[in-house]
Amino acid sequence: GVSLLKDLTPRSLDSLVSFGERLSTRIFAGYLRSVGVPSVQHDAFELGITTTDQFTNGDLLYKESIDNIRKNLKRTAKLEGWDNLVPIIPIVTGFLGQGSKTGAITTLGRGGSDLTATFIGLALDIDEVVVWKDVDGVMTTDPRVVPSALPIPMLTVDEAAELAYFGATVLHPQSMQPLLEKQRMKEIETGQDFDKEYIDFKVRVRNSYNTEAPGSIICAGARDMSDTLLTSMVLKSGVNMLDIVSTRMLGQYGFLAKVFGVFEDLQISVDVVATSEVSVSVTLDISKIWARDLDEDELSKLENSFDGLATVKLRTNRTIISMIHNSDQSSEVLARTFRVLGNLGVNAEMISKGAFKNNLAIIVEESVGDRCLQELHKEFFS
């Protein structure tokens, strides 16, 4: 049909890309049964994993999906070759769901298989979900830049989400949503604030090429930070930095609303923000906008959008160094960080702290990013 019509709609694409996953899980379940391990294959959409109808990037609908999983995913089954009901290993397709209105096959986007695994763990009230990768866990920094990087024994979902968003590639932020959902459900159930309490639901990241390594645990809720100064640091390159200065007098309300209205109109995502009454500096991740550098026409369009409101200066080829740290010891982290940058002769062009207070973001020129990361890692982890 696609060949005849010379047209591939997002809905057709989702159906097409689902076949590899559906076939491989059937093959694996069949292999397990052939060696005497009772197992049953399931398509996630038949189990009732339900999403929005945004094809190629559906959002998981938690309430409907949790109820469906608890009802449909059985722990025992009557299989050919076994006399009675036997405990089984379910083999479930990753990254697939069913549109809530259309009933068509949808995909969950990047990180969808990890999201499927952690979501099923949430739905079944499992204490720990193991995700197998090709590294020993979440690392203190990128081992390709700093070979002496170490695995982190435990970190919170808030820490892991900050790391993932700012460049760590072990787990996609989407795959950690069930941990946050568990935290939210616990808060509703008890009326307590669980961002300061440990919750017994965790994801362990382990290395399929080094099965002896214990991996890293990502937990919902909080963890003991008394012996932790810095958890990890991550580099995000290919960033544009925009300095926007109001042309109006001091005390003009609505400036920030107008600035972010421009970004909304142009569908531009902002990474890091630093503000004052008459100016704002932001970083823009070009990979989320045009997947390449801004050309002259696009830059003119962006600048013209601020005409009469503010003057704009764009700086390209910048790097964000994100320092995920113990927020109770921010002063020491800042002092040691700027001592290292000072010794290197590097000027921090922008500094920002996130709402969680555990992320210190520093913007420097891209040409010195790797060197800064290496020296900062030596300062905090050697």
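Residues numbered from 1 in each chain as written. Predicted model: local features only at pLDDT ≥ 70, side-chain atom pairs only at ≥ 80, totals over all residues. Heavy atoms only, no water.

1. Description of the overall build of the chain
Note the following rule: Note on conventions: DSSP H or I runs of at least 4 residues are helices, E runs of at least 2 residues are strands, and numbering of each starts at the N terminus. Any residue under 20% of the maximum accessible area for its type is buried, any over 50% is exposed, and the rest in between are partly exposed; the area is computed with a 1.4 Å probe on protein chains only. The contact criterion used is simple: two residues touch if any of their non-hydrogen atoms lie within 4.5 Å. Reported accessibility uses the Shrake-Rupley method at a 1.4 Å probe radius. Residues are deemed covered only where the shown protein chains occlude them. His residues and chain termini do not enter the charge count, which takes Lys and Arg as positive and Asp and Glu as negative. Charge placement uses NZ in Lys and CZ in Arg. For Asp and Glu, CG and CD serve respectively.
The number of helices and strands found in the chain is 11 helices and 17 strands. In terms of overall dimensions, the chain has a C-alpha envelope of 80 × 55 × 45 Å along the principal axes. In the chain, which comprises 382 residues, the share counted as buried stands at 47%. Long-range contacts, defined here as pairs at least 24 residues apart, represent 70% of the contacts in the chain between residues at least 6 apart. Here the chain has roughly 19400 Å² of accessible surface; of this, 51% comes from carbon and sulfur atoms. Between the mean site of the 38 positive side-chain charges and the mean site of the 52 negative ones, the chain shows a separation of 3 Å.

2. Some remarks on the packing of helix 10 (residues 330-344) against helix 11 (residues 369-381)
Stated precisely, the cut-off is as follows: The angle between two axes is taken between their N-to-C directions and runs from 0 to 180 degrees, where each axis is a line fitted to C-alpha atoms and a helix contributes only its stretch in contact. Any angle that falls under 35 degrees is termed roughly parallel, while one over 145 is termed roughly antiparallel, one within 65 to 115 roughly perpendicular, and all others oblique. Each helix crossing is assigned a hand: it is left-handed if the near helix lies turned anticlockwise from the far helix by less than a right angle, otherwise right-handed if that turn is clockwise.
Contact geometry of helix 10 with helix 11 gives a least axis separation of 10 Å together with a crossing angle of 135°. Considering their axes alone, helix 10 and helix 11 lie oblique with respect to each other. As for how helix 10 packs across helix 11, the hand of that crossing is right-handed. Packed against helix 10, whose contacting residues are Val 333, Arg 336, Thr 337, Arg 339, Val 340, Leu 341 and Leu 344, the element helix 11 presents Arg 371, Cys 372, Glu 375, Leu 376, Glu 379 and Phe 380 at the interface.

3. Describing the pattern of salt bridges
Here is the rule: Just to be clear on terms, a salt bridge is a Lys or Arg side-chain nitrogen sitting within 4 Å of an Asp or Glu carboxyl oxygen.
Per the counting criterion, the structure on display carries 18 salt bridges. Asp 125 is paired through a salt bridge with Lys 182; the nearest N and O atoms lie 3.7 Å apart. Separated by 57 residues along the polypeptide, Asp 125 in the loop between helix 5 (112-123) and strand 8 (128-133) and Lys 182 in helix 7 (residues 177-190) bring together distant segments of the chain. Residue classification places Lys 182 among the buried residues on the basis of a relative accessible area of 18%. Among the ionic pairs, Glu 181 bridges to Arg 184, the shortest N-O distance being 2.6 Å. With Glu 181 and Arg 184 both in helix 7 and three residues apart, this pair spans about one turn of that helix.

4. Topic: the nonpolar core
Nonpolar side chains in soluble globular proteins tend to end up buried together. Applicable threshold: To qualify as a nonpolar core, a set must consist of buried Ala, Val, Leu, Ile, Met, Phe, Trp, Tyr and Cys residues joined through side-chain atoms within 4.5 Å.
One finds Ile 69, Phe 119, Leu 171, Met 176, Leu 179 and Ile 218 to be the most contacted residues of the largest nonpolar core, which totals 43 residues. For this core, the element with the most residues is helix 5, which contributes five residues. Each residue touching Leu 179, except ones within four places of it in the same chain, is listed here: Val 157, Phe 201, Lys 202, Val 203, Ile 218, Cys 219 and Ala 220. Core analysis: the second largest hydrophobic core is formed by 19 residues, Leu 230, Met 323, Leu 360 and Phe 380 among them.

5. Observations regarding a nonpolar patch on the surface
Put simply, the rule reads: Patch members must show over 30% relative accessible area and no salt bridge, and they are joined within 9 Å when carrying like charges or within 5 Å when they are nonpolar side chains of Val, Leu, Ile, Met, Phe, Trp or Tyr.
There is a patch of nonpolar side chains on the surface, built from Val 2, Leu 8, Leu 13, Leu 16, Val 17, Phe 19, Leu 23 and Ile 27 and spanning about 710 Å² of accessible area. For the nonpolar patch, the leading source of residues is helix 2 (residues 10-34), giving six residues. Here Leu 13 lies in helix 2.

6. Considerations on the pairing of strand 12 (residues 230-246)
We count it as follows: Here, a strand pair is defined by DSSP locating no fewer than two bridges between the strands.
With 14 of its 17 residues buried, strand 12 lies for the most part within the structure. Where strand 12 and strand 15 (residues 310-325) come together, 13 bridges link them in antiparallel fashion. If you follow Leu 230 over to strand 15, its bridge partner there is His 325.

7. Focus on the packing of aromatic side chains
Both the distance between ring centres and the angle between the ring planes are used here to describe each pair of aromatic rings. Quick reminder of the rule: In summary, the pairing rule links any two rings of Phe, Tyr or Trp, Trp by its six-membered ring, whose centres are within 6.5 Å, and it sorts them by plane angle into stacked for under 30 degrees, edge-to-face for over 60 and tilted for everything else.
One pass over the full model with this rule turns up two aromatic pairs. An angle of 75° between the planes, with centres 5.7 Å apart, marks the rings of Tyr 62 and Phe 119 as edge-to-face. Within this pair, whereas Tyr 62 is found in helix 4 (residues 62-72), its partner Phe 119 is found in helix 5, the two being separated by 57 residues in sequence. Judged on exposure class, the residue Tyr 62 and its partner Phe 119 are both buried. A ring pair is formed by Phe 260 and Phe 263, whose centres lie 5.8 Å apart and whose planes are at 65°; its orientation type is edge-to-face.

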